[in-house]
Amino acid sequence: MSVSKAHLFFGQQKRQQQMKKLIFILFVLFLASCKKEVFNPDLTMEFSIQSTTNGAKYDIKIALPQNFSPETEKYAAIYVLDGEENFDFVAENCKKISSDFSISNVLVVSIGYGNDRAIDYTPVKGGGGAVEGGGGAEKFMLFIKNELIPGMENEYGADSSRINRTILGHSFGGLCGAYAFTNYNKVFGNYILLSPSLWYADEIVFKFEQEHRNINKNNHQLVFLGMGEMENSGQMLAPFVAFFQQLQNNYPDIIITSHLEPHLNHRGSENPNIIEGLKFYFQNR
Amino acid sequence: MKTIVYLSIFFSFLTLSASAQNIDSEIARKSIPVRRITIEPAIGLEPMSDLIISNLVQLNIKKRLSIVSYTSYSYNNAMQRDFSYIKTNYNYTLSQKFGVGTSLYTKHSSHTFSLMSGIRYDAYKETLENPDFEKVSASVSSLSPDLGLLYNLKIGKKKYFFSYRMYIPLYPYPIISSDIWSLNDNLVNLSLEFGLGIRLK
């Protein structure tokens, strides 16, 4: 091998090694950026409740406001479904948004999975979609109403008025929130319903809404309905718009808004819509 | 975690391809299927049962540098147009992207990796036709940027060759949401396409 060829060969080898190093560094940097944000552990309480209503064990996490003082203050509470996935994001953004609006923060109560979400969040069995629901929403709501909420009021200074309770859910969680609106309207005054699966069981929630309309229609309530603009799977948009119209036209004391998150799909729109829903809640509560 | 796995595979593949190219470089130099202009119509699928008809035109400016044009029409949600009293009136996506790519060659195939950008137009309309409730229709039409990585495999040395491509969308991540889980949603739009390539020059 001549000197010039050897020089070229070793030069190429060096460049290849540098390229591999660069790819490796970029990959490591990418992995480092994938860290999920975690809410301040000093302001987080965790415990479990074994439900006497449905027998399931629920992991509960609570994000406390700064200067938490349950002896002297009462706090509004946001009950978060799919809590194991959403707790940190909701808690962090509640803190930020309440601070931006100079409004006192709330308790964020995360409800973990005691049963499969397709059981706890669906109002009737079946459903017609890819995931068959178990129809456990009634028992789940009774667990929240009779076991979780009293505990929150006794131990953590949660306000006992309906208007200071909010339920937040996405997808089947949004369906469960809509079911809470129709069948447990005395429990919650505020609803953040994100990409709700309103198609479930031939739009069963619409039927519940009609059945309970006379009881619920004069209650004051805040409702945020959000979904992704690109949820074009053929089952989300039409019932979303229909539900919005049904509530807006029949509830004189409702403050309601709907929001389509641009360019985003079912999962991608979840967090941006959580932010929009919390902003709506803190602005109008 | 799914996202990390996908991207790990992608980066590993890039690295391996680079290594493989070095090993095969001597063979490739002798007989590489470098084409000046190719046109590659294909059909494909997205995981959410969307059917795609697309066309790719690739112009190799140099051996390792190419310009790519990609046009597609997607018939969305093909398998479930009527569901739970909800009728899909129409649901489609049009996309036009341009990109710059680099190619790696082996004896009978070439791998092209391109960074693509362009626009996409999505339109869909649904009607709730449950006899128990009021009939309600709703529609969305949206123009959005389209950014992604395109991998294109060509197998065959003659005028006609087999073409496979995979498009990994990068928009809206990380532009709208800084949350890593949004990428999962993006990968729902990952498309796999198979077709026939024709060398024009």
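Notes on the structure follow. (Residues numbered from 1 in each chain as written. Chains lettered and ligands numbered in written order. Predicted model: local features only at pLDDT ≥ 70, side-chain atom pairs only at ≥ 80, totals over all residues. Heavy atoms only, no water.)

## Looking at the overall build of chain A
Right, so step 1: If you tally the helices and strands in chain A, you get eight helices and 10 strands.
Right, so step 2: A total of 285 residues make up chain A; the buried ones form 55% of that total.
Right, so step 3: Put simply, 75% of the contacts in chain A that link residues at least 6 apart link residues at least 24 apart.
Right, so step 4: For chain A, the exposed surface amounts to about 12600 Å²; the carbon and sulfur share of it is 51%. (Helix = DSSP H or I, 4+ residues; strand = E, 2+ residues; numbered from the N terminus. Buried < 20%, exposed > 50% of the residue type's maximum accessible area, 1.4 Å probe, protein only. Contact = heavy atoms within 4.5 Å. Areas by Shrake-Rupley, 256 points an atom, 1.4 Å probe, with all protein chains shown as cover.)

## Focus: the overall build of chain B
Right, so step 1: The helix and strand inventory of chain B stands at two helices and nine strands.
Right, so step 2: In chain B, buried positions account for 49% of the 201 residues.
Right, so step 3: Accessible surface, chain B: about 9800 Å² in total, of which carbon and sulfur atoms supply 66%.

## A word on the environment of B:Leu104
All names here are of chain B.
Right, so step 1: Residue placement: Leu104 occurs in strand β5 (residues 86-105).
Right, so step 2: Assessed through its relative accessible area of 15%, Leu104 is described here as buried.
Right, so step 3: Distance in space between the C-alpha atoms of Leu104 and Leu153 is 9.7 Å, their sequence separation being 49 residues.

## Looking at the packing of aromatic side chains
Residues and elements named next belong to chain B.
Right, so step 1: Throughout the structure, instances matching the rule amount to 28 aromatic pairs over all chains.
Right, so step 2: Cluster of aromatic residues (ring-pair linked, three or more members): Phe113, Tyr151, Phe162, Tyr164 and Phe194.
Right, so step 3: If you follow Lys97 out to its NZ or CZ, it ends over the ring of Tyr167, 4.2 Å from the centre. (Phe/Tyr/Trp six-rings, centres within 6.5 Å; stacked < 30°, edge-to-face > 60°. Lys NZ or Arg CZ within 6 Å of the ring centre and 35° of its normal.)

## Regarding the nonpolar core
All names here are of chain A.
Right, so step 1: Formed by 69 residues in total, the largest nonpolar core has its most connected members in Leu107, Ile111 and Phe188.
Right, so step 2: Broken down by element, the residue count for this core peaks at nine residues, all from helix α4 (residues 137-156).
Right, so step 3: Membership of the second largest hydrophobic core comes to 24 residues, among which are Ala76, Ile78, Val80 and Phe224. (Core = buried A, V, L, I, M, F, W, Y, C linked by side-chain atoms within 4.5 Å.)

## Some thoughts on the sheet that holds strand β10 (residues 254-261) of chain A
Residue and element names in this part refer to chain A.
Right, so step 1: Read across the sheet, eight strands follow the order β1-β2-β4-β3-β7-β8-β9-β10 without closing on themselves; strand pairing throughout is mixed. Pairing within the sheet leaves two strands with one partner each, and these edge strands are β1 (44-50) and β10. Averaged over neighbouring strand pairs, the angle between their axes works out to 15° when direction is ignored.
Right, so step 2: Here five bridges tie strand β8 (residues 190-194) to strand β9 (residues 221-228), and the two strands are oriented parallel to one another. Looking across to β9, one finds that Leu194 is bridged to Gly226. (Pairing = 2+ DSSP bridges. Axes fitted to C-alpha atoms, helices over the stretch in contact; angles between N-to-C directions.)

## A look at the packing of helix α6 (residues 200-216) of chain A against helix α7 (residues 237-250) of chain A
Residues and elements named next belong to chain A.
Right, so step 1: As a packed pair, α6 and α7 sit with axes 11 Å apart at the nearest point and diverge in direction by 5°. One way to sum up the angle between α6 and α7 is to call them roughly parallel. Along the contact surface, α6 presents Val205, Phe206, Glu209, Gln210 and Arg213, while α7 presents Pro239, Ala242, Phe243, Gln246, Leu247 and Asn250.
Right, so step 2: Here the contact of α6 with α7 is composed, by residue class, of six nonpolar, three polar and two charged. (Parallel < 35°, antiparallel > 145°, perpendicular 65-115°, else oblique. Nonpolar A, V, L, I, M, F, W, Y, C, P; charged D, E, K, R; others polar.)

## Concerning the pairing of β8(A)
Side-chain direction in a regular strand flips from residue to residue, so the side chains alternate between the two faces of the sheet.
Residues and elements named next belong to chain A.
Right, so step 1: Among the five residues in β8, five count as buried, and that is most of the element.
Right, so step 2: Along β8, one buried face is formed by Asn190, Ile192 and Leu194 and the opposite face, lined by Tyr191 and Leu193, is buried too.
Right, so step 3: Direction of pairing for strand β7 (residues 165-170) relative to β8: parallel, over a ladder of five bridges. Along β8, the bridge assignment pairs Leu168 with Ile192.
Right, so step 4: Once you follow β8 into α6 and on to β9, the crossover reads as right-handed. (Right-handed = clockwise from strand over helix to strand, strands pointing away.)

## Here's the deal with the pattern of salt bridges
Residue and element names in this part refer to chain A.
Right, so step 1: According to the stated counting rule, one finds 11 salt bridges over all chains in the structure shown.
Right, so step 2: In this structure, Arg267 engages Glu85 in a salt bridge whose closest nitrogen and oxygen atoms are separated by 3.3 Å. Pair noted here: Arg267 is in the loop between β10 and α8 (270-284) and Glu85 is in helix α2 (residues 83-100), with a separation of 182 residues, a long-range link.
Right, so step 3: Taking relative accessible area as the criterion, Arg267 reaches 33% and is therefore assigned partly exposed.
Right, so step 4: Residue classification places Glu85 among the partly exposed residues on the basis of a relative accessible area of 33%.
Right, so step 5: Between Arg213 and Glu209 there is a salt bridge whose closest N-O contact spans 2.8 Å. Separated by four residues within a single helix, Arg213 and Glu209 lie in helix α6, roughly one turn from each other.
Right, so step 6: Judged by its relative accessible area of 0%, Glu209 is buried.
Right, so step 7: Through salt bridges with shared partners, one network takes in Glu85, Arg267 and Glu270. (Salt bridge = Lys/Arg side-chain N within 4 Å of Asp/Glu carboxyl O.)

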